[in-house]
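Per-entry structural report
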Amino acid sequence: MPGTPPRPPATWPPQPPSPTASPARSNGIPEAAEARALLDEARGQAAAGGDPAAEAALALAEAAVVADAFGAVQGDADNSAADTVAAAERAVDLALRAGDAVARSAALDALSGAQSWAGDPFAAAAAARHRLGLLDRAGAAAPAATHELVDALAMAAATAIGTGELPQARGWGERLAGRPLLAEVGDHATSWLLVADALAGRADDVLATSPRFLDAWERTGRQRSFSLGPAAAAVAMVHGLRADRGARTAWLATADRAGAEDDHRHGHGAVFDSIVLLHHGDPAAALERTAPEPEAVWKWVCWVWLHWYAALRAEASVLAGHPEAAARTAAARDLVTGNPVATALADRAQALLDGDPQRLLATADAFTAAGCPYQAARTLLLAGGRHAADGAAALDALGLRTGTTGPAAAH
C-alpha cells in the first residue's frame, strides 16, 4: 500500500508565485478581483441557463482559480488541501454528467494537480492515467482533444516519475516525443523522456535525444516552462555522472534559463544535483543540497519530486553521518511505500545505516526490477569488494563512469 502522505504546510497553497508586474493584467493575467467578478457573473448565468456543460466549465474554473488546483495567483492562500481536492472532484463529476470528454479531461488534470498539492503522488498519478485513458478511448480528432492528449501524455509521464515507475514514464515520454503536433517543438516533445532516461541512468539514450531538445529550445526563443527546466537539468545530471564538467556546466546554464530558479534550487535541481554528488562521493554536499525538510520546500517538491527528495536526503544523511539519519530514513521509508525506486533508495539507506550487506545487495535486484539500472549498479559499488567490479562494468554499459573521480567532478 502507498505510504501516508505528509501534512502540507499550514499556509495553503504554500505561497503561490506572485505576478512580476503590477497590475497583474499587464502580464495577461487577470487580477484576483477581476477573476472573482467574472466567476460571480458566470455563476448567475449558469444558474439561469441550467446547461450541464456551462456548470462543468464553471466548476473547473472555480477549482483552478478559487481552490487553486494549479497554483493560480488569484487563489485564496487559506485554502486547505481537502478543499482543493473536493473542488476538483466536483469539477470531474459535473464534467462526467455533461458528457464532454475534453471537459472531463481538463477536470481530471485539475484533480491530479490538487492531489499533488495534497502530497499524494499516487492519487495524482491515478488521475493523470484516468485522464489519458479517457482521451485514448475517445480519440483525438478535434483540435481541443489533440491538445488535451499531448498534455495528458506529459502529465502521465511526469506523475509516473513521481511514483518511481520509470518504464511507464518512458513509454508515455516516447509517445509524447512522437506526436506530430510537437514536431517543431522538440524541447517540449522530449522533455519527460529525457527525465525518465536520465533517472534510469540510460546515458547513451539521453545523449542521443538531448540535441533535439537543445536545437528546438534555441530555435523557438529559449522559452521557460515547468517541464523544460527539469529536462535540461536531467541532461546536466547525466553529464555529471560521466564526469564531463564542461558539458554539465553548459546544460546547467540551459536549465537556469529554461525553468524557474526556485524550482531548480529547491525541487528537481536538488534531486539531480544530489544524485551527482552522491555518485562522486560527496554526501556532505548532497546533504547540504537537501537540507530543508520536505515541508519547507513543499511547493517545489510536492508534485514530481517529493519521494525522490526524501529518499535521497535519507541516503545523504546516512553516508554523511548526520545525527538524524535514522529518523530521516525511517520517515522516508514510510513516505515512499509503494514507489519501487524510492523504496529501494530508502531501504538501501537503512541497510547502509545498519551495516547489513545482504539487505544492501537485495536493493540491487529491486532497482533492476524497477527499471533503474543506474541505482542497481551504484548499489554494487557501495557493496564494495568483488561486487564493485560488477558495478563498474554495469555503469560502463550504461555509458557512465564510476564515481572515483572525486567530489570536484560533481560541481
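The structure presented is a predicted model; accordingly, all values stated were derived computationally and were not measured.

**Section: the overall build of the protein chain**
A count of helices and strands for the protein chain gives 21 helices and zero strands. Looking at the 411 residues of the protein chain, the share that counts as buried comes to 53%. Relative to all contacts within the protein chain whose residues are 6 or more apart in sequence, the contacts with residues 24 or more apart total 66%. For the protein chain, the exposed surface amounts to about 16,400 Å²; the carbon and sulfur share of it is 55%.

**Observations regarding the packing of helix 8 (residues 186-200) against helix 9 (residues 203-219)**
Here helix 8 crosses helix 9 at 150 degrees, and the two axes come no closer than 9 Å. Here helix 9 runs roughly antiparallel to helix 8, going by the angle between their axes. Where helix 8 crosses over helix 9, the handedness of that crossing is left-handed. For the pair helix 8 and helix 9, contact is made by Gly186, Asp187, Ala189, Thr190, Leu194, Asp197 and Ala198 and by Asp205, Val206, Thr209, Ser210, Arg212, Phe213, Ala216 and Trp217, respectively. Its residues assigned to classes, the contact of helix 8 with helix 9 shows seven nonpolar, four polar and four charged.

**Looking at the packing of aromatic side chains**
Scanning all chains against the criterion turns up four aromatic pairs. Measuring from centroid to centroid gives 6.0 Å for Phe213 and Trp251, while their planes differ by 45 degrees, and the two rings are tilted. Of this pair, Phe213 sits in helix 9 while Trp251 sits in helix 11 (residues 245-258), and the two are 38 residues apart along the sequence. An aromatic cluster is built from Trp192, Phe226 and Trp303, whose rings are joined through pairwise contacts.

**Comments concerning the nonpolar core**
Grouped together as the largest cluster of nonpolar side chains are 90 residues, with contacts concentrated most on Ile161, Trp192, Val195, Leu199, Phe272 and Trp305. Broken down by element, the residue count for this core peaks at eleven residues, all from helix 6 (residues 143-162). If sequence neighbours within four positions are ignored, Leu199 has contacts with Ile161, Leu166, Met237, Phe272, Ile275, Trp305, Trp308 and Cys372.

**Let's talk about helix 11**
The end-to-end C-alpha distance of helix 11 is 20 Å, a good match for the 20 Å that 14 residues give at a rise of 1.5 Å each. Here helix 11 has its buried residues at Ala247, Arg248, Trp251, Thr254, Ala255 and Ala258. For helix 11, the arc enclosing every buried residue in end-on projection is 120 degrees, short of the 170-degree limit, so these residues lie on one face. Next to the buried residues of helix 11 lie helix 9, helix 10 (228-241), helix 12 (261-266) and helix 13 (268-279).

**So, the pattern of salt bridges**
This model, assessed by the stated rule, comprises 24 salt bridges. With its nearest N and O atoms 3.3 Å apart, the salt bridge here joins Glu62 to Arg90. Taken together, the residues span a long stretch of sequence, with Glu62 in helix 2 (residues 52-66) and Arg90 in helix 3 (residues 81-98) at a distance of 28 residues. On the accessibility criterion, Glu62 (16% relative accessible area) is buried. For Arg90, a relative accessible area of 46% gives the class partly exposed. With a closest N to O distance of 2.7 Å, Glu315 and Arg378 form a salt bridge. In this pair, Glu315 sits in helix 16 (residues 306-319) while Arg378 sits in helix 20 (residues 373-383), placing the two residues 63 residues apart along the sequence. Taking relative accessible area as the criterion, Arg378 reaches 8% and is therefore assigned buried.

**A word on helix 13**
The periodicity of an α-helix, 3.6 residues per turn, causes residues three or four places apart in sequence to face the same way. Compared with the 16 Å implied by 1.5 Å per residue over twelve residues, the 17 Å span of helix 13 between its first and last C-alpha is a close match. His268, Gly269, Ala270, Val271, Phe272, Asp273, Ser274, Ile275, Val276, Leu277, Leu278 and His279 are the residues of helix 13 that are buried. Just downstream of helix 13 lies Gly281, where phi reads positive at about 75 degrees.

**Here's the deal with unusual backbone geometry**
Within the chain, Arg222 stands out as a residue other than glycine whose phi angle is a positive 50 degrees. Here Arg222 shows up in the loop between helix 9 and helix 10. For Ala243, which is not glycine, the phi torsion reads 60 degrees and is therefore positive. Along the chain, Ala243 falls in the loop between helix 10 and helix 11. When its relative accessible area of 18% is taken as the criterion, Ala243 is described as buried.

**Some thoughts on the confidence of the model for the protein chain**
The predicted coordinates should not be examined in detail at positions where pLDDT is low. For the protein chain, mean pLDDT is 87; residues scoring 70 or higher make up 85% of the total. Here residues 10-27 scores under 50 on pLDDT; set against residues more than four positions off or in separate chains, the count is 41 contacts. Predicted confidence is poor over residues 404-408, with pLDDT under 50, and the contacts of this stretch with residues over four places away or in other chains come to seven contacts.

Reading the values: rules and limits
Residues numbered from 1 in each chain as written. Predicted model: local features only at pLDDT ≥ 70, side-chain atom pairs only at ≥ 80, totals over all residues. Heavy atoms only, no water. Helix = DSSP H or I, 4+ residues; strand = E, 2+ residues; numbered from the N terminus. Buried < 20%, exposed > 50% of the residue type's maximum accessible area, 1.4 Å probe, protein only. Contact = heavy atoms within 4.5 Å. Areas by Shrake-Rupley, 256 points an atom, 1.4 Å probe, with all protein chains shown as cover. Axes fitted to C-alpha atoms, helices over the stretch in contact; angles between N-to-C directions. Parallel < 35°, antiparallel > 145°, perpendicular 65-115°, else oblique. Left-handed = near helix turned anticlockwise from the far one by under 90°. Nonpolar A, V, L, I, M, F, W, Y, C, P; charged D, E, K, R; others polar. Phe/Tyr/Trp six-rings, centres within 6.5 Å; stacked < 30°, edge-to-face > 60°. Core = buried A, V, L, I, M, F, W, Y, C linked by side-chain atoms within 4.5 Å. Expected span 1.5 Å × (residues − 1). Arc of directions from axis to C-beta. Salt bridge = Lys/Arg side-chain N within 4 Å of Asp/Glu carboxyl O. pLDDT = per-residue confidence, 0-100.

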